[in-house]
Amino acid sequence: MALSIRSIVKLNNGVEMPLFGLGVWQIPAGAATHRAVTTALQTGYRLIDTAKFYGNEADVGVAVRESGVPRDEVFLTTKLWNNDHGFDAALKAFEASRKRLGFPTVDLYLIHWPVPEERKETWRAMERILKEGSVRAIGVSNYTIPHLEELLASSGVVPAVNQVELSPFLAQKPLIEFCRRHGIAVEAYSPLTKGHRLGDKRLKAVAQKYGKSVPQVLIRWGLQHGIIEIPKSAKPDHIRENAAVFDFEIRPEEMLGLDSLSEDLHVAWDPTGEP
Ligand SMILES: NC(=O)c1ccc[n+]([C@@H]2O[C@H](COP(=O)([O-])OP(=O)(O)OC[C@H]3O[C@@H](n4cnc5c(N)ncnc54)[C@H](OP(=O)(O)O)[C@@H]3O)[C@@H](O)[C@H]2O)c1
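The structure presented is a predicted model; accordingly, all values stated were derived computationally and were not measured.

1. Considering the site of the ligand
Next, step 1: Around the ligand, the surrounding shell holds 29 residues, and the nearest of these are G23, Y189, L192, K232 and S233.
Next, step 2: When residues of the shell around the ligand are assigned to their parent elements, the largest contribution, three residues, is made by helix 9 (residues 236-243).
Next, step 3: In the shell around the ligand, the residues fall into twelve nonpolar, twelve polar and five charged.

What follows is the structure, given as structure tokens:
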């Protein structure tokens, strides 16, 4: 079926997650976040990705409540920060995030970073939160294959999602294959390379061919690979532009060309060396 702004991914516990959404890292708390989330919801976005670390969970919650979009039509993700690891600390951190968002249920709760030593205990807390029904799905972020292997060996609950940096310049093929084999949905962060590659000539050529912008090509590339895409923008025009990716399709030969751009470019964090 053709992709649309309403396309979903069925997670490994049956929960449906939108394939496309808004990331709100580095959007200042207050009016800027409120405006971005409001614009996104008006445009048709139904997935918002925040985190305790971003400092704007409360504004995301207010904007969702004031949008008039029913709560059960919006998919909210937040994340556990690095100083909240450990069983009790994780339970507490979740409660605090839930309070700041201002909803009884969070759709997806992620471990933001695979902090050594403590992450296994944290995962036990995530399992507890899931069992209690305060969250619809749990997952991880910045987990490499060894981190996932460790988790799978020590827990019966497979993460629903692994959110990692992913773009044509960091294609993460082995990680994607591993996740698919184990039923873990892959979500791309920094899908626009935080702006670093928007001037790339090869991308510009593809964009020109379809009468689209480079950000639109980057987002569409990920969506066509079945990857959940959460481009960030604080600007209403960009938020709308980034959603206008459902009226064209990149041809297979051009997809292959984009696949070949991978050069291990990390523009956010690189968890490769994390023990
Ligand atoms: N789990 C993690 O560790 C992790 C790490 C990084 C990011 N994330 C998540 O992923 C989301 C996206 O990643 P990101 O914020 O790192 O970067 P990104 O989405 O790759 O890029 C954002 C940058 O692109 C610009 N931009 C957006 N749309 C544009 C357009 N149409 N034309 C030109 N410029 C455009 C934005 O500027 P304007 O705001 O001015 O439009 C901003 O500077 C984050 O917000 C966050 O939710 C998670």
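Having seen the model, we can carry on.
2. Observations regarding the packing of helix 7 (residues 201-210) against helix 8 (residues 214-224)
Next, step 1: Put simply, helix 7 and helix 8 touch, their axes get as near as 8 Å, and they point 90° apart. Regarding the angle of helix 7 to helix 8, the classification is roughly perpendicular. Taken together, the residues of helix 8 that come into contact with helix 7 (itself represented by L203, K204, V206 and A207) are V214, Q216 and V217.
Next, step 2: For the contact of helix 7 with helix 8, the per-class residue count stands at five nonpolar, one polar and one charged.

3. Things to note about the sheet that holds strand 10 (residues 228-229)
Next, step 1: Ordered by their spatial adjacency, eight strands build an open sheet running 3-4-5-6-7-8-9-10, and the pairing between neighbours is parallel. Of all strands in the sheet, those bounded by a partner on one side alone are strand 3 (22-23) and strand 10.
Next, step 2: Relative to strand 8 (residues 161-165), strand 7 (residues 135-141) runs parallel, the two sharing two bridges. Each residue of the ladder has a partner; that of S141, found in strand 8, is Q163.

4. Considering the nonpolar core
Next, step 1: The biggest cluster of nonpolar side chains holds 73 residues, and the ones touching the most others in it are L22, V37, I48 and Y109.
Next, step 2: With residues up to four places along the chain from it excluded, the contact list for L22 reads A36, V37, A40, Y45, I48, D49, I230 and I239.

What counts and how
Residues numbered from 1 in each chain as written. Predicted model: local features only at pLDDT ≥ 70, side-chain atom pairs only at ≥ 80, totals over all residues. Near = placed C-beta within 6 Å. Helix = DSSP H or I, 4+ residues; strand = E, 2+ residues; numbered from the N terminus. Nonpolar A, V, L, I, M, F, W, Y, C, P; charged D, E, K, R; others polar. Axes fitted to C-alpha atoms, helices over the stretch in contact; angles between N-to-C directions. Parallel < 35°, antiparallel > 145°, perpendicular 65-115°, else oblique. Contact = placed C-beta atoms within 7 Å. Pairing = 2+ DSSP bridges. Core = buried A, V, L, I, M, F, W, Y, C linked by C-beta atoms within 7 Å. Buried ≥ 20, exposed ≤ 12 C-beta atoms within 10 Å, placed from the backbone.

So far we have only geometry, and geometry alone does not tell us how the molecule works.
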